[in-house]
Every structure is written in C-alpha cells, then in structure tokens.
Amino acid sequence: QVHLVESGGGLVQAGGSLRLSCAASGRTFSIYTMGWFRQAPGKEREFVAGISFRGGSTYYADSVEGRFTISRDNAKNTVYLQMNSLKPEDTAVYYCAAARVFGRVRTTKEYDYWGQGTQVTVSS
C-alpha cells in the first residue's frame, strides 16, 4: 500500500508558475512509476506527465510539453510537477498516482494508488 499526499496548488495568474509536490509513504517509493493527472469540472481525468521509477525517463501530454516538468527525489519519497507559463485551461484538480508497472504509463486504469488531489486555478 502506498499513501500519496499532494500539495502546492493554489490560485495564480496566467503566465505564472506553481510547483506541486506529492509525498509518498508506505511501500518502497522507488519501485513505482509515478504520474500526474488532472481533472477539470465536467471532464474526464487526463494524463499530464509521468516519470520512471529511477527518474531517467519522463513523458508528457502534448498540452503541457515544454511548460511542465516532472521530477522525483527517491530519497525524499517525493515527486514534483513544476508548472510554468500557466494558462486558464490548466485549471483543474491535480492528482499524483503510483503504478506498479514499467514503461510509459498514461491511462488511469494502469495506476494503482492515487492522492486526494490539489486544486490549481489559473486566472486570465
């Protein structure tokens, strides 16, 4: 079992930046592929970014490529999402998730553990 807690959300103006953190506890954090997803009101939860268990491979949704950066610190059991050049359409609840599989994991059904989410609101 892995327990995930997100933090760092908030209200920011368009063009601004935020850094989300996801602290993990429970089973060995370093063996999991980690991902960030988001869900806007009335929409399905969508993939944002993923990172391999050692951090050597990162991948992104087209909508955030070049603006967001995912990273992890296995010594601190934490994964981060640096979000720059934020747009109003980035407004959503952001969730981190852990998957017990390797490879580029992009779908919700492949992830086994989820955090409770943190709200990000970008004003125009």
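Each remark here, short or long, concerns the structure printed above.
Residues numbered from 1 in each chain as written. Predicted model: local features only at pLDDT ≥ 70, side-chain atom pairs only at ≥ 80, totals over all residues. Heavy atoms only, no water.

J.: Where do I start with the packing of aromatic side chains in this structure?
T.: Here the distance between the centres and the angle between the planes together describe a pair of aromatic rings. Per the counting criterion, the structure on display carries seven aromatic pairs. Judged by centre distance (5.1 Å) and plane angle (80°), the rings of Phe-37 and Tyr-111 are edge-to-face. On the criterion of sequence distance, the pair formed by Phe-37 in strand β4 (residues 33-39) and Tyr-111 in the loop between β9 (92-99) and β10 (113-114) is long-range, its members being 74 residues apart. In this structure, Phe-37 and Tyr-111 share a single accessibility class: buried. Here the aromatic rings of Phe-53 and Phe-102 are separated by 5.1 Å at their centres, their planes lie at 40°, and the arrangement is tilted. (Phe/Tyr/Trp six-rings, centres within 6.5 Å; stacked < 30°, edge-to-face > 60°. Helix = DSSP H or I, 4+ residues; strand = E, 2+ residues; numbered from the N terminus. Buried < 20%, exposed > 50% of the residue type's maximum accessible area, 1.4 Å probe, protein only.)

J.: What's the story with the side chain of Arg-38 in this structure? I'm lost.
T.: Mapped onto the secondary structure, Arg-38 falls in strand β4. Given the relative accessible area of 6%, Arg-38 is considered buried. Within the structure, Arg-38 has its side chain in polar contact with the side chain of Tyr-94 (distance 2.9 Å). Those residues within four positions of Arg-38 in sequence are excluded, and the remaining contacts are Glu-44, Arg-45, Glu-46, Val-48, Ser-63, Val-64, Phe-68, Glu-89, Asp-90, Ala-92, Val-93 and Tyr-94. (Polar contact = N/O pair within 3.5 Å; in protein donor to acceptor, adjacent residues only side chain to side chain. Contact = heavy atoms within 4.5 Å.)

J.: Would you explain the sheet that holds strand β3 (residues 18-26) in this entry?
T.: Think of a sheet as strands paired side by side through backbone hydrogen bonds, with each pair either parallel or antiparallel. Spatial ordering of the open sheet is given by β1-β3-β8-β7, a layout of four strands whose pairing is antiparallel. Of all the strands in the sheet, just β1 (2-7) and β7 (68-73) have a single pairing partner and so form its edges. Taking each pair of neighbouring strands and ignoring which way they run, the sheet shows an average axis angle of 15°. Relative to strand β8 (residues 78-83), β7 is paired through six bridges, and the arrangement is antiparallel. Residue pairing across strands places Arg-72 opposite Val-79, the latter belonging to β8. (Pairing = 2+ DSSP bridges. Axes fitted to C-alpha atoms, helices over the stretch in contact; angles between N-to-C directions.)

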